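Working through the structure, step by step
Spelled out, the chains give:
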Amino acid sequence: MICLKEPHSIRMQLLYMIMIIIYNILMVLKSVLLIKGICMIRPLLVFSALTLLVGAPLLAQAETVQTITIHDKQFDPRETSIPSDTKVKLIIKNQDSFPVEFESRELSREVIVPAHGEISVFVGPLENGRYPFFNDFNHNMTGTIVAAPEKK
Amino acid sequence: MFATAVILFREVLEASLIIAIVLGASRGIHQRGRWVLAGVGTGLLGASLVALLASTASEYFSGDSQALLNAFILLMAVSMLTWHNVWMATHARELRAELTAVGTDVQEGSRPLTALMVITALAVMREGSEAVLFVWAIAAGGGQAVEMSMGAAAGVATGVLAGVLLYLGLLRIPVRHFFSVTSWMILFLAAGLSAQAAGFLNQAGLLPSLGNSIWNTSQWLDQSSALGQLLHIFVGYIATPSGIQVLFYLGTLALILVLMYRGRIKNLFFGYLSAS
């Protein structure tokens, strides 16, 4: 497997998904059309092996952490930089006495941060760019996540 | 006050519209009203429990567990809607006959009344927990509490009204076409919820995103606009969907269609085999 050096590569993810889809189509065909005599053991083995091969490096990623604090009805900092092409753990601390729904359509994230509470949410790996987010309970509260290549 | 009304309206709207569609789709099934009411009650109870959990044990209720809970609720709803549609595919004729008052009772037994209750409960629970959290914060906040609770009540009432209007609108569809319209609505509703579930599963790190946004149609139809929000509820419109969401959407559509028409597909397949 040459691609293993790049665990985030979309090609690998696609391959993985295509395997799942083929497997599911086989299962549906089997149950719906009652096609007998298709040996399901071999595809199952291939499926499990692929899951392990692709899944293991994905799980073993190192973790980058960024904290965003909410106080006085604002996100602080308003703009958070994170490295692109890396999975990042965002910790969101709410110091206000009002719940906040951290939401971003661009990141497809939606999490409630209770009053005086703290939650964590994973984002990425992201391509370079700006990803706005807002508080769904108060649309005047906005912020941006900026994904840029990591400086070495 | 107005801001509070808008927030509560948006939270209530989705549940209210889903219930209206389901109520329409289950027209002619006896005692469905009682089951839907039971669903609303269960949903409110569940919503309060989730809100309580979120505010007292927030360190355990992280982004991942919230996302997992949401995905679980959504997928449950999708499977219930699937069941309902598959059941309707074989019973629509009897129900139609009953509505025109010439047919007999729909057979007892496997009527999807529990499905009806569970869908309602899940819809109320998912949207309700956010509303409950919000109202609690208002109640605890003091100050403008009275004014804000009036806004909240107005928002809830408007949301429920929207559902009632949709239901009354549905009832105007001629009986002949009624059940095919509602089952198409449920089909797209289920696909949309499934895409949302995929988003949450990706958020929890259980599924790859397969590309963060496959396309971006924000310029044409902003998801936060009124039309965008309505389409999001009805057909699952997402302006910047991830690959996995598109896959789940199409997969759910295909799966429900295959299950609904499995009899016909089987006939086609085996009919062809025996003919040749």
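These notes cover the structure that comes with them.

Looking now at helix H1 (residues 2–25) of chain B. Residues and elements named next belong to chain B. With 24 residues, H1 should reach 34 Å at 1.5 Å per residue; the first-to-last C-alpha distance of 34 Å fits that figure. A bend of about 30° at Leu13 is the largest found in H1. Across the 24 residues of H1, 19 count as buried, placing the element largely inside the fold.

Residue and element names in this part refer to chain A. Among the seven residues that make up strand S4 (residues 88–94), five are buried, leaving the element largely enclosed by the rest of the structure. Relative to strand S7 (residues 118–123), S4 runs antiparallel, the two sharing six bridges. Directly across from Lys93, in S7, lies its bridge partner Glu118.

This part covers the interface of chain A and chain B. Contacts between chain A and chain B engage 34 residues on the former and 40 residues on the latter. Taking both partners together, chain A and chain B bury about 3100 Å²; carbon and sulfur atoms supply 62% of that area. Remark: the boundary between chain A and chain B carries one salt bridge. A salt bridge links B:Arg10 to A:Asp136, with the nearest nitrogen and oxygen atoms 2.9 Å apart. Our enumeration of links across chain A and chain B arrives at five residue pairs in polar contact (both at pLDDT 80 or more).

Rules and cut-offs
- Residues numbered from 1 in each chain as written.
- Chains lettered and ligands numbered in written order.
- Predicted model: local features only at pLDDT ≥ 70, side-chain atom pairs only at ≥ 80, totals over all residues.
- Heavy atoms only, no water.
- Helix = DSSP H or I, 4+ residues; strand = E, 2+ residues; numbered from the N terminus.
- Expected span 1.5 Å × (residues − 1).
- Bend = angle between axes of the 7 residues up to and from the residue.
- Buried < 20%, exposed > 50% of the residue type's maximum accessible area, 1.4 Å probe, protein only.
- Pairing = 2+ DSSP bridges.
- Contact = heavy atoms within 4.5 Å.
- Buried area = accessible area lost by both parts, 1.4 Å probe.
- Salt bridge = Lys/Arg side-chain N within 4 Å of Asp/Glu carboxyl O.
- Polar contact = N/O pair within 3.5 Å; in protein donor to acceptor, adjacent residues only side chain to side chain.

Coordinates in, geometry out; function isn't part of it.
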